[in-house]
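The chain contents come next:
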Amino acid sequence: MAKIIHNNILDTVDSVFSVSKERGSLHLHADEDILDGRHLSINGKKVLHFGTCGYLGLEQHPKLKQGAIEAIEKYGVQFPMSRTYISNPLYKKLEEKITKMYNAPVVISKNCTLAHLATIPIIVRPNDLIILDHLVHTSVQESAKKMLSQGVKIEMIRHNNLEMLEEIIKKNRSKYDRIWYMADGVYSMYGDYAPIKEMIALAEKYEQLHLYVDDAHGTSWTGKYGTGYVMSQMDYKLYRKMILTSNLGKAFGACGGLTLFPNKEFQRKVNVFGGPLTFSVQIEPPTLGAALASADLHMSEEIYEMQDELRSKINYFNSLLKKTSLPLVEENDSPIFFIGVGTMDMGNYIVREMVKDGVYVNIGPYPAVPAKNIGIRITMSTHNTLEDIEVLVDKLEYHFERGLETTGQTLNNIHKAFKMKPSTTKPSEETINTNHQDLKIQLASSILEIDKNEWDNHLGKRGMFDWNGLYLLERSFKENEQEANNWKFRYLIIKDDQDEVVLMTYYTSTLYKEDIFSRASISTALEEERKINPNYMVSRGIFIGSLFTEGNHLYLNQKNNYWKDALKKLINELYEFQEVENASNIMFRDLETGNKELDDFMTETGFVRVDLPESCIADLTTWNNEEEFIQSLTKSSKKGFKHYVKKYENLCYVKFKDKLSDDELAHAKKLHKAVNDKNIAINSFLVPDKVFDEMVDDPNWEFGLVYINQDNAETNQPIVYCFCHKNEYNVYSFMLVGMDYEYVYQYSGYRLALWELVKRAKELGFTQANFGISATTEKKRVGARPYQRVGYFQAKDNYAMEVMETTIAKERD
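Small disclaimer: the values here were computed from a predicted structure and weren't measured.

Visitor: What am I meant to see in the overall build of the chain here?
Guide: Looking only at helices and strands, the chain has 27 helices and 26 strands in total. For the chain, the C-alpha radius of gyration of 31 Å lies close to 28 Å, the compact-globule estimate for 813 residues. Here the chain holds 813 residues, and the buried ones make up 61% of them. Of the contacts made within the chain by residues no fewer than 6 positions apart, 77% connect residues no fewer than 24 positions apart. Just so you have it, the chain exposes about 33,300 Å², and 48% of that area is on carbon and sulfur atoms.

Visitor: Would you take a moment to explain helix H4 (residues 112-123) for this structure?
Guide: An α-helix turns once every 3.6 residues. As a result, residues three or four positions apart point the same way. For H4, built from twelve residues, the straight-helix expectation of 16 Å at 1.5 Å per residue is met to within 8% by its first-to-last C-alpha distance of 16 Å. Of all the twelve residues making up H4, nine are buried; the element is thus mostly covered by neighbouring parts of the structure. Along H4, the residues classified as buried are Cys112, Leu114, Ala115, His116, Ala118, Thr119, Ile120, Ile122 and Ile123.

Visitor: Sorry, what's going on with unusual backbone geometry here?
Guide: Glycine aside, residues mostly have negative phi angles, and peptide bonds mostly take the trans form. Look at the link from tyrosine 366 to proline 367: it is a cis peptide, with omega at 10°. Note on placement: proline 367 falls in the loop between strand S12 (362-364) and strand S13 (374-379). Of note in this structure, asparagine 160 is not a glycine but carries a positive phi near 60°. Locating asparagine 160 in the fold gives a position in the loop between strand S5 (153-157) and helix H6 (162-172). With phi around 75°, serine 774 is a residue other than glycine that occupies positive phi space. Relative to the elements of secondary structure, serine 774 occurs in the loop between strand S25 (768-772) and helix H26 (776-780).

Visitor: Would you take a moment to explain the side chain of asparagine 332 for this structure?
Guide: Here asparagine 332 lies in the loop between helix H12 (302-321) and strand S10 (336-342). Taking relative accessible area as the criterion, asparagine 332 reaches 12% and is therefore assigned buried. In this structure the side chain of asparagine 332 is engaged in a polar contact, spanning 2.7 Å, whose partner is the backbone oxygen of glycine 191. Among all residues touching asparagine 332, those that are not within four sequence positions of it are Tyr190, Gly191, Asp192, Tyr193, Ile314 and Asn318.

Visitor: Sorry if this is basic, but what is going on with the sheet that holds strand S8 (residues 242-247) here?
Guide: Sheet strands pair by backbone hydrogen bonding; their relative direction is either parallel or antiparallel. One open sheet holds the seven strands; their spatial order is S3-S9-S8-S7-S6-S4-S5, and the pairing between them is mixed. Each edge of the open sheet carries a strand with a single partner, namely strand S3 (106-109) and S5. The average undirected angle you get between the axes of adjacent strands in this sheet is 20°. Relative to S8, strand S7 (residues 209-214) runs parallel, the two being bridged by four bridges. Across the sheet, residue tyrosine 212 finds its bridge partner in S8, namely isoleucine 243.

Visitor: Which parts of the structure should I look at to understand the packing of H4 against helix H5 (residues 138-145)?
Guide: Here H4 crosses H5 at 30°, and the two axes come no closer than 9 Å. As judged from the angle between their axes, H4 and H5 are roughly parallel. Note on packing geometry: the crossing formed by H4 with H5 is right-handed. Between H4 and H5, the contacting residues are Thr113, His116, Leu117 and Ile120 on the first element and Ser139, Val140, Ser143 and Ala144 on the second. Here the residues of the contact of H4 with H5 sort into four nonpolar, four polar and no charged.

Visitor: Can you help me understand helix H11 (residues 285-298) in this one?
Guide: Taking 1.5 Å per residue, 14 residues should reach 20 Å; H11 reaches 20 Å between its end C-alpha atoms and fits that length. A large share of H11 lies buried, amounting to 13 of its 14 residues.

Visitor: Sorry if this is basic, but what is going on with the nonpolar core here?
Guide: The tendency in soluble globular proteins is for nonpolar side chains to be buried side by side. Counting 109 residues, the largest nonpolar core has Ile98, Tyr181, Ile196, Met242, Ile378 and Phe400 as the members making the most contacts within it. If sequence neighbours within four positions are ignored, methionine 242 has contacts with Ile196, Leu211, Val213, Val230, Met234, Leu260 and Pro262.

Conventions used here
- Residues numbered from 1 in each chain as written.
- Predicted model: local features only at pLDDT ≥ 70, side-chain atom pairs only at ≥ 80, totals over all residues.
- Heavy atoms only, no water.
- Helix = DSSP H or I, 4+ residues; strand = E, 2+ residues; numbered from the N terminus.
- Rg over C-alpha atoms; globule rule 2.2 N^0.38 Å.
- Buried < 20%, exposed > 50% of the residue type's maximum accessible area, 1.4 Å probe, protein only.
- Contact = heavy atoms within 4.5 Å.
- Areas by Shrake-Rupley, 256 points an atom, 1.4 Å probe, with all protein chains shown as cover.
- Expected span 1.5 Å × (residues − 1).
- Polar contact = N/O pair within 3.5 Å; in protein donor to acceptor, adjacent residues only side chain to side chain.
- Pairing = 2+ DSSP bridges.
- Axes fitted to C-alpha atoms, helices over the stretch in contact; angles between N-to-C directions.
- Parallel < 35°, antiparallel > 145°, perpendicular 65-115°, else oblique.
- Left-handed = near helix turned anticlockwise from the far one by under 90°.
- Nonpolar A, V, L, I, M, F, W, Y, C, P; charged D, E, K, R; others polar.
- Core = buried A, V, L, I, M, F, W, Y, C linked by side-chain atoms within 4.5 Å.

Right, here's the structure in full:
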C-alpha cells in the first residue's frame, strides 16, 4: 500500500536546501587565504561577517592560537587512541579547569553531538520517560530517539509550553521512574531562552522530573566565568536534578562538548562507558591546547571585558533595529537575532543581495524553523565594529524593502506568520508588492456562485469534483453533529486581462487527523492515545480540494505569463482563510510529479513538498473486450487477474442500482463504517450519513451491490457496496466502499467488485475510471495504473512533524 515514506523528510530537506544552494544562500565557500573574524570573502567579494557562532571572537584570540601551537609541538597533531585505554595528558588538566569553572563533575567529549550520544543512553533507563521540547536541538532529539529501541517512551511538547509539560507529567508520573525534560538553554535560531527558573520550580513540584539542558549557544558570552545562560539562572550552582551540556566550541573558541553532572555517580557511569567516549578518537592536542588557554581566559577578568564589549554591540544593534520596521522575531539580549521574512524566496533574495552588497548573514531555513517562518539569522560578535553594525542595518533595511517588492511578500503577511503586532512604520514597498492589478479575481463561498460550464470545462472533467458533485458535498458537509464533518468551501478563479483563466481551484477548511497519510502502524499508535484524548493530533487544516475528493484540484496554466502572480494570490487568500479559520496547516494535494518549476516556486514560497499515496486510474480506451483487456495488463497484473479475480468470478454477482432502499442504505452505512474503522492506513473521520442520503437522490450516482452467488448462501444481503459517481465528461469514479468482513475475503468480494466496476464503466461509455488511493495491488489487477502524487504542505510550526518523526523512529526500532 502506497504511503508517505520515512525518508520523505530527507527528500524534503534536500529539495529546500538544493533550491537555496542554487539561489546562493546555502553551502557557500569562504575563499580567502587568511581569516580575521570580521570579514569573509565569498565568490571573490569581501563581506562583513554577521553569521558566526564565535560570539566573543575567541577563535582568533592570540592566547588560544598559542595554546594550540604549543600543544602541537609537545604532543603532535593527534593522539590516536581510544580514551578507554589512555587519554592525552591535556585531558586531565582541562577537566580540572572545567570542574572548577562550573563547580560540577564533567565529562569532555569530542563535540556536543557526541556528548549527547555518550550521556543520554547511560542516564536514561528503560522505565524512564523522555519529553522533548519540539525545538530542542536535533542532536538531542536524535540521541533521545535511539532510546526507543530500549522501550523508552518519548513525548513532545510545543516550544516552552510548561503547561503542556505539566499535563504530561501528571498523566505519566505513576508509570515511570524518572521523567526527563530535554530543552535548549538558548535556542539557535530565534535566540530565545528556556524558562529555566520555571522549569526548576516544576522539578521541585514533581520529584520524578529531571532536566536535561543543552546550553551550547549560551556559553561564554554571559555568566560567571562564562559558564553561560543556564548557570546564570541557577546562581551558578548546578541544580540537583539537571544534567547540563555546554560547549568548548562556538563562543568558547576551541572545539568539544561538555556534560556537567549534579553528582559524581552519573559522571562516573558516563565516563566509564559513554558510547562514543569508548570507540571514538580523542579531541586533537591542538584543540585541547586552545581549550586550556580559553579556560584560563574564562577564569580571568578579561572574560567580563569581552562580555561587556559584546553586550554593548548587542544593545546598539537593538537600538538601531527599533528605528526600522524590520520584523525582529524575538527581542532579547542574546547575540542571536532573527528577522522574519516568511518565505524561502525572500530569504534567499536577501542573503544573495546582501552578499553582493558586502554583508553576509544567514538564512534560517526549514526544517530548523517552520516553513512559513523563514527568516534572516544574524549573529553578533566582538569582531564587529559599531560602524559595521550601522552598515548592516542600513543594507538590511534596504534589501528587505526590495525583497518585499521583488518576491510579492508583504509585511502584513510576515507579522501574521510570526504572530507579531503590526509595525507603526511600514516600508514604502508595502503598497506595490505584486502585479495582481493585472489579474481579475473571483472568490466565492459556494459553487452556486460559479458558472457551471466554466468550472466543468477546466476542472469538472477530472473527476467527482465537477459542478454537480461539489454542490452535493456542500449540502452534505454542513449542519452535522460531528464538527469534523462541517466544512467551509471557497472557490477561486483568476483571469488575466484577456479574460483567460490562469488559475482555478476550490479549497476547504476541516478538522482532520494529522496522521491521515502516515503508516498504518503509526495511526494505530495514535488511535490508542485518542481513546483517552479524542482530539490528540487532530487539527484544522486548509486543503486544496477536499478530503472526500481525489485528483488534481488545481487548474494552473503555466504557459500564461501571470501564473506565478496568480499562484501567489491564491496563497495569500489561503493565508487569509487560515487566519479566519484558525487553521494549523495548509496543503496542496494530488498534483502530478515532475514539475520542477512548480516545485521550486512552492519551496521558495514557504511550502514543503511531500510524496503522497499513489492514485489509481484505469484507461478504458485501450481495449474493447475481455481478451483485449487481459492483453493490456502487465505480466504481473495478468497473473494476478487470473489467480485472484477471474478464478473466483463465479462466487459472486453484482447488481447496479440507481437507488437504494432504506434497508439497503442502512446496511451500506454500517458496512462503510466497518471499512473506515479497519482501513486505518487512510486514517480519516467517518463521513456523515448525509453524504449517503444525498447520493441516493442524485442521478449522478449509482451503486454496485455484490451478493454471494449461491442458493444456500450464508447471507442474502450484499457483502460489498460500491458508491460510484458518473460525471458528464466520461469519468467514472469509485468513491466509497462498504464491506462485510465476515464474508468478503472468503468470497473475494472486493476483488470481484473492482472487476465489475471496470466492466460497468466501459459498458456505460466512460473513457476513464478513477479508483482512488490505497489497495493499489488489487486495483492494478483490474487494469488501474498507480500514479505518484505530490503535495505541498505548510504548518504553523513543526510540532506535528516532530511527533510523526518520533513515532516513525519508534516503529523502526
